[in-house]
Structures are given as structure tokens and as C-alpha cells.
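# Summary of the model geometry
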Amino acid sequence: MGIQSNIEASAASFTPTMRRLAKAIRDNPAIVLEKTISQIAEACGTSVASVVRFCRAVGVSGYAELRMSLATELGKEAAQFGSGLTLGAEIARTDTLEEMAAKVASLEMLAIEETVSSLDFKTLERVVTALDQAERILLFGIGASHFVAQDLHHKLFRVGRNVFLMADAHEAWTAALMSPARTVAIGFSHSGTTADTVQFLKLARDNGALTVAITGSRESPLARAAEERLVTHARESTLRAGAMVSRIAQLALVDCLFMGVARLRYEQTIDALKRTRDITHPEQAV
């Protein structure tokens, strides 16, 4: 995972002081290359010691390594996506439609690349196996995460799995409380702090379900409530009408889950997909 994505993923657990540093770097990653440790501490209204603690919190030994990591990352991104495109920057009022579209496309491609390249495939395999053997699958997410849960529901339901998409928190909690044997409960939240989703996983786990968190923060309350954690990586713009880049990362992970399940029952899956396609699109039936 890149250093900028690591900062984004860790932000929820930061102190207010470290959040100021994270925001400054997120808004303008080049600030680290332009300022000394004393200058960035002064600009963010904090101390040199706090900057050092921030560096260690995001997985580097100190400011020199943070500067080196960011320089390498920004150089790679410039080569991959073109110079002048700062991926950590917000969409600006002065951006043209073409510049805006380029930023969105680049961030989404990067989110998929970082999510897939940093996947814990042993965890993914355990979750895929559990989904394949499950008697009941419960899915829950709120807001934009609900639409990601809906996508996994559609895919699994279409191949005959006993999967339920919870429409509201009370319904989810009731289903979690009444989990039969071999239930898998999956909660979706990029921030990992959505209280209703956290409560859903806690109830499901307490009542015997295997619980899975799909989240952008490994240290979040949702991740801690789950037995298995699948982590996505995305740099979100604050200027958004709900999750954009994080939703794309979650959808890529959902596709990995579904394809993993499909691989275990390949012939059965192909047959189910063909039959459902034929009934919904009879003009394409052979």
C-alpha cells in the first residue's frame, strides 16, 4: 500500500494533532518535499516530536523516510498518470471537466490496483470457503456501502446462494440475533466507524456467525468486531456526494469474492448464469 493510502486508512485512529498533519499532506503531498520537519510542524501548529510520532504511526521510521517514500510515490504516479495531476488534491473550482474526469479515473484505477495488490489472499480464501459452505449469508451496509452489499447480493443470489441483503439496521440486528448454524455475516463500511454496521457484526459474532468486515481501516471498530477483515485502499476527495473511489475499491473486492466462490463450483455457476440469462434475455437464448 502506498504511503498516501496508508495515511488515509489510518486517519480515523489519529489524534487531533496527527489529523492536522494528515490533512495537510493529503491536501498537498508535495508539502513534505518542500518543508523541513520544523517548518511542517509550525505550519500545522504542532511540534517536531508530534511529526515524528505521526511518521511512526503511518509505518515509517521518521521524517526523512516519509519524504523519501512520498517522493518515490509521487514520481511513480506522475509517470503513470501524467505530470501535473496531484492525486491527493481535491477537485478544484477551476478544473475543467476533462481535468476532473482525469482525476477521478486515476484515483479509481489506483484504488483498484492498491486494493488488489495488498489483498491478504489467505483471508480471502478463508472467506470464499466460508461463503461456499454457508447455509445463510447476511449482508449489511449503509449509504454507499449498501449499494456495494447489494452488488454482492445480486451476484450470489443469481447463482442460487441463500443470501439476504438487510434493508435497515433493525432488520439486520434481528437477522444477526437469529443466525442459524453456518451463517456468514458481512458488514461493509469504508470508514469502519458506522455504528449500526458495527453493532450488526457484534451481534452476529456473539450468536455464532462467521463475521467479515470489508473496510478501508484495519484498526477501525468494524474491523475489530469481525473475525475476518478484507481491507480496501482508496483516497477520497472530500468533495463528493457519498463514497466514490472507495466504492470502486469495494466493488473490486466484491468481484474477487464472487469469482472465488464461482471457481469452487465452476460448472454449477456457469449453468446458473446461463439459465438466469436465458430467462431474463430470451432473445439471446441459444
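Residues numbered from 1 in each chain as written. Predicted model: local features only at pLDDT ≥ 70, side-chain atom pairs only at ≥ 80, totals over all residues. Heavy atoms only, no water.

## Things to note about the overall build of the protein
Regarding its fold elements, the protein presents 14 helices and 5 strands. Here the protein holds 286 residues, and the buried ones make up 46% of them. If you take every contact in the protein between residues at least 6 apart in sequence, the share linking residues at least 24 apart comes to 67%. Put simply, the protein shows about 14200 Å² of open surface, and 56% of that area lies on carbon and sulfur atoms. (Helix = DSSP H or I, 4+ residues; strand = E, 2+ residues; numbered from the N terminus. Buried < 20%, exposed > 50% of the residue type's maximum accessible area, 1.4 Å probe, protein only. Contact = heavy atoms within 4.5 Å. Areas by Shrake-Rupley, 256 points an atom, 1.4 Å probe, with all protein chains shown as cover.)

## Observations regarding the nonpolar core
Residues Leu131, Leu139, Leu152, Ile186, Phe188, Leu230 and Leu257 are the most contacted members of the largest nonpolar core, which totals 27 residues. Every element with two or more residues in this core is listed here: α8 (121-133), β1 (136-141), α9 (144-158), β3 (183-189), β4 (210-215) and α13 (245-264). Ranked by size, the runner-up nonpolar core spans 21 residues in total, among them Ile3, Met18, Leu21 and Ala41. (Core = buried A, V, L, I, M, F, W, Y, C linked by side-chain atoms within 4.5 Å.)

## Concerning the pattern of salt bridges
Under the definition given, this model contains 7 salt bridges. Measuring nitrogen to oxygen at the nearest pair gives 3.4 Å for the salt bridge that ties Lys155 to Asp255. Highlighted residues: Lys155 in helix α9 and Asp255 in helix α13, separated in sequence by 100 residues. Overall, the relative accessible area of 33% leaves Asp255 in the partly exposed class. Among the ionic pairs, Asp271 bridges to Arg275, the shortest N-O distance being 3.7 Å. Of this pair, Asp271 and Arg275 both sit in helix α14 (residues 266-280), 4 residues apart, roughly one helical turn. For Asp271, a relative accessible area of 39% gives the class partly exposed. (Salt bridge = Lys/Arg side-chain N within 4 Å of Asp/Glu carboxyl O.)

## Description of the side chain of Ser145
Along the polypeptide, Ser145 turns up in helix α9. Setting aside its immediate chain neighbours within four residues, Ser145 contacts Phe188, Ser189, His190 and Gln250.

## Notes on the packing of helix α2 (residues 16-27) against helix α5 (residues 48-57)
At a minimum axis distance of 10 Å, the contact between α2 and α5 shows a crossing angle of 75°. Considered as vectors, α2 and α5 are oriented roughly perpendicular to each other. Of the residues in α5, those touching α2 at Thr17, Met18, Leu21, Ala22 and Ile25 are Ser50, Val51, Arg53, Phe54 and Ala57. For the contact of α2 with α5, the class distribution of residues is 7 nonpolar, 2 polar and 1 charged. (Axes fitted to C-alpha atoms, helices over the stretch in contact; angles between N-to-C directions. Parallel < 35°, antiparallel > 145°, perpendicular 65-115°, else oblique. Nonpolar A, V, L, I, M, F, W, Y, C, P; charged D, E, K, R; others polar.)

## Points about the sheet that holds β3
Strand order in the open sheet formed by 5 strands is β2-β1-β3-β4-β5, and the pairing between neighbours is parallel. The sheet is open, and its two borders are formed by β2 (163-165) and β5 (228-231), each paired with just one other strand. For this sheet the average axis-to-axis angle between neighbouring strands, irrespective of direction, equals 20°. Seen against the sheet, α8 touches β1, β3, β4 and β5 and runs at an angle of roughly 120° to β5. Across the face of the sheet, helix α11 (residues 195-206) comes into contact with β1, β3 and β4 while running at roughly 165° to β3. (Pairing = 2+ DSSP bridges.)

## Some remarks on the packing of aromatic side chains
Within the structure shown, the criterion is met by 2 aromatic pairs. Above the plane of the ring of Phe164 lies Arg136, whose end atom (NZ or CZ) is 5.3 Å from the centre. (Phe/Tyr/Trp six-rings, centres within 6.5 Å; stacked < 30°, edge-to-face > 60°. Lys NZ or Arg CZ within 6 Å of the ring centre and 35° of its normal.)

## Description of α5
Residues of α5 that are buried: Ser50, Val51, Phe54 and Cys55. With its buried residues spanning 145° around the axis, α5 presents them on a single face. (Arc of directions from axis to C-beta.)

## Topic: helix α10 (residues 169-177)
For α10, every residue scored as buried is listed here: Ala169, Ala172, Ala175 and Ala176. Along α10, the residues classed as buried sweep out an arc of 130° about the axis, all on the same side. Capping of α10 at its N-terminal end is provided by Asp168; its side-chain oxygen lies 3.2 Å from the backbone amide nitrogen of His170. (Polar contact = N/O pair within 3.5 Å; in protein donor to acceptor, adjacent residues only side chain to side chain.)

## Comments concerning the side chain of His233
If you trace the backbone, His233 turns up in the loop between β5 and α13. Residue class for His233 comes out buried when judged on its relative accessible area of 7%. In this structure the side chain of His233 is engaged in a polar contact, spanning 2.9 Å, whose partner is the side chain of Ser118.

## Some remarks on the environment of Thr197
Here Thr197 is to be found in helix α11. Thr197 sits in the buried class, given a relative accessible area of 0%. For the pair Thr197 and Gly141, spaced 56 residues apart in the sequence, the C-alpha separation amounts to 6.3 Å. Among residues more than four places away in sequence, those in contact with Thr197 are Phe140, Gly141, Ile142, Gly187, Phe188 and Leu222.

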